[in-house]
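Tertiary structure, described
Here's the letter readout for the chains.
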Amino acid sequence: MANEWEIKKEICEIGRRLYAQGFAAGNAGNISYRLSGNAVLCTPTQICKGFMKVDDLCEVDMDGNQLAGKRKRTSEVLMHLEIYRAAPSAKAVVHCHPPHATAFGVARVDIPTCILPEVEVFLGVVPRADYATPGGQRFAETVRPFVSKANTVVLSNHGTVSWGRTVERAYWYTEILDSYCRMLMLAKQLGHIERLPGAKVHELLDLREQFGAGTDPRRVHGGELCVNTEYGRGVTGEVEPDGAGDAAASPSDRAGDTSAEKGRHSADDFEALVKTITARVVDALRSG
Ligand SMILES: [Zn+2]
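Residues numbered from 1 in each chain as written. Predicted model: local features only at pLDDT ≥ 70, side-chain atom pairs only at ≥ 80, totals over all residues. Heavy atoms only, no water.

**Re the overall build of the chain**
The condition that has to hold: Think of it this way: any DSSP run of H or I at least four residues long counts as a helix, any run of E at least two long counts as a strand, and we number them from the N terminus. When accessible area is computed with a 1.4 Å probe and restricted to protein chains, residues below 20% of their type maximum are described as buried, those above 50% as exposed, and intermediate ones as partly exposed. What makes two residues a contact is simply this: any of their non-hydrogen atoms within 4.5 Å.
A count of helical and extended segments in the chain gives 10 helices and 8 strands. Within the chain, the fraction of its 288 residues that count as buried is 47%. Nonlocal contacts in the chain, meaning residues at least 24 apart in sequence, comprise 63% of its contacts between residues at least 6 apart.

Next comes the structure, spelled out in structure tokens:
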């Protein structure tokens, strides 16, 4: 294990990356590392993560009492401690406000799965915790239900938190998530988002095990393989009027279609939708 000085330097380096990536505007975000025994290194409150020095860092016990450091510890360390209690393998926690992932938390949209290989292998399902006022014990407890089933959680209307064996790894999960959320938003603007078939997702989960990253919690606890399959289904997938017939069939009903065919279907679907709505408006006007 690296010595304490090296770990403090790593926390400052990851702080610089958080700030440089735009994941921690102003004084946002916090980082911690669990030392052996009862002690946890953490970042102080009211400091820009981009310019921290080793002697700015604090040390707390597992109840959040400050043991060392000239600056006051972050109030959000209580959430980090909750994660350390629930996940014995977690050695480091990174919390920040990466814009694309946080946008999903603000819109209260679940992060879809079964789309990008890297996300299936390294993150799996990214749950979304309820909102609570940042800083207190109630806020800390919002992540507890998910700690045994994930390594990254979106905090509703707030940000993200991720944890791992090293500070860099915890940070890395956040970076993968924010990059993924950005791709999802871009792809959605282009139209339809294609899902990977279940068999292909299982091949990725096999890879995860071969990399030594452990068994994906979806295989341990069961539950949905593909989360939020509605995301990116496109206009015609989201609005399915009664009686629109085959033209409004869902994308999953057209598994064999090529992309070009899908594009044509979308145009056909849209026309069918317009016809249906027009017919209903005319009916309503007549009966009125
Ligand atoms: Zn925060």
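**Focus on the nonpolar core**
Applied cut-off: To qualify as a nonpolar core, a set must consist of buried Ala, Val, Leu, Ile, Met, Phe, Trp, Tyr and Cys residues joined through side-chain atoms within 4.5 Å.
Formed by 24 residues in total, the largest nonpolar core has its most connected members in Met79, Ile83, Leu155, Val161 and Trp163. Elements with a contribution of two residues or more to this core: strand E2 (39–42), strand E3 (58–61), helix H2 (77–86), helix H5 (137–141), strand E7 (152–155) and strand E8 (159–164). Here the element with the most residues in this core is H2; it accounts for 6 residues. Not counting residues within four places of it along the chain, the set of residues in contact with Met79 comprises His95, Phe139, Ala140, Val143, Leu155 and Val161. In this structure, Ala39, Leu41, Val94 and Ala170 belong to the second largest nonpolar core, which totals 23 residues.

**Topic: the coordination of the zinc ion**
What counts, and what does not: Atoms of type N, O and S within 2.8 Å of a metal are treated as its donors, and for Na, K and Ca the window is 3.2 Å; water is not considered, so some sites may appear to be missing partners.
With distances of 2.1 to 2.2 Å, the protein atoms coordinating the zinc ion are His95 (NE2), His97 (NE2) and His158 (NE2). Counting residues between consecutive donors of the zinc ion along the chain gives the motif H-x1-H-x60-H. For His97, a relative accessible area of 28% translates into the label partly exposed.

**Overview of the state of the cysteines**
What counts is decided by this rule: For the purposes of this analysis, a disulfide is any pair of cysteine sulfur atoms at a distance within 2.5 Å.
According to the stated counting rule, one finds 1 disulfide in the structure shown. A sulfur-sulfur distance of 2.0 Å marks the disulfide that ties Cys114 to Cys226. Here Cys114 and Cys226 share a disulfide; its torsion about the S-S bond, -90°, makes the bridge left-handed. Taken together, the residues Cys114 in the loop between helix H3 (99–107) and helix H4 (117–122) and Cys226 in the loop between helix H8 (217–221) and helix H9 (235–238) connect sequence positions 112 residues apart. Comparing Cys114 with Cys226 shows no difference in burial state: the two are buried.

**Re the packing of aromatic side chains**
The condition is simple: Any two of the Phe, Tyr and Trp rings considered here, Trp counted by its six-membered ring, make a pair once their centres fall within 6.5 Å; the pair's planes then place it as stacked at under 30 degrees, edge-to-face at over 60, or tilted in between. Any Lys NZ or Arg CZ found within 6 Å of a ring centre and within 35 degrees of that ring's normal is scored as a charge over the ring.
Within this structure, the stated rule accounts for 6 aromatic pairs. Here the aromatic rings of Phe122 and Phe211 are separated by 6.4 Å at their centres, their planes lie at 15°, and the arrangement is stacked. Here Phe211 lies in the loop between helix H7 (198–210) and H8 and Phe122 lies in helix H4, a separation of 89 residues in the sequence. Put simply, the rings of Phe122, Trp172, Tyr173 and Phe211 touch in pairs and so form one group of aromatic residues. A cation over a ring is seen here: Lys188 above Tyr231, with NZ or CZ 4.4 Å from the ring centre.

**Digging into the packing of helix H1 (residues 4–20) against helix H6 (residues 167–190)**
The condition is simple: Only the contacting stretch of a helix is used when fitting its axis, a line to C-alpha atoms as for every element, and angles between N-to-C directions run 0 to 180 degrees. Convention used here: angles under 35 degrees read as roughly parallel, angles over 145 as roughly antiparallel, angles from 65 to 115 as roughly perpendicular, and any remaining angle as oblique. Helix crossings fall into two classes, left-handed where the near helix is turned counterclockwise from the far one by less than a right angle and right-handed where it is turned clockwise.
For the pair H1 and H6, interaxial distance at closest approach is 10 Å and the crossing angle is 15°. One element, H1, and the other, H6, form an angle in the roughly parallel class. Where H1 crosses over H6, the two elements pack in a sense that is right-handed. Contact residues: Glu10, Ile11, Ile14, Arg17 and Leu18 in H1; Val167, Glu168 and Tyr171 in H6.

**Re H3**
Put simply, the rule reads: The arc in question is traced by the directions running from the helix axis to the C-beta atoms.
Listing the buried residues of H3 in full gives Ala101, Thr102, Phe104 and Gly105. Viewed end-on, H3 has its buried residues packed into an arc of 145°, placing them on one side of the element. Where H3 ends, the next residue or the one after it, Arg108, has phi of about 55°, a positive value.

**Thoughts on the sheet that holds strand E4 (residues 66–68)**
The condition is simple: Each pair of strands is called paired provided DSSP finds at least two bridges between the two strands.
Judged by pairing direction, the sheet is mixed, and its 8 strands sit side by side in the order E4-E3-E2-E1-E5-E8-E7-E6 without closing on themselves. Only two strands of the sheet have a single partner each, and these edge strands are E4 and strand E6 (128–129). Sheet analysis places E3 next to E4, joined by 2 bridges and oriented antiparallel. What sits directly across from Glu59, in E4, is Ala68.

**A look at the pattern of salt bridges**
The criterion, for reference: Throughout this description, the term salt bridge denotes a Lys or Arg side-chain nitrogen within 4 Å of a carboxyl oxygen of Asp or Glu.
Under the counting rule described, the total for this entry stands at 17 salt bridges. One salt bridge connects Arg128 with Asp110, and the closest N-O pair in it is separated by 2.9 Å. With Arg128 in strand E6 and Asp110 in the loop between H3 and H4, this residue pair connects regions lying 18 residues apart in the sequence. Residue Asp110 is classed as partly exposed on the basis of its relative accessible area, which comes to 36%. Note that Asp206 is salt-bridged to Arg219, the shortest N-O span being 2.9 Å. Highlighted residues: Asp206 in helix H7 and Arg219 in helix H8, separated in sequence by 13 residues.

**Comments concerning the side chain of His80**
Structurally, His80 can be placed in helix H2. For His80, a relative accessible area of 0% puts it in the buried group. Other than its neighbours up to four places away in sequence, His80 contacts Asn30, Ile31, Ser32, Val93 and His95.

Purely geometric numbers; function is a separate question.
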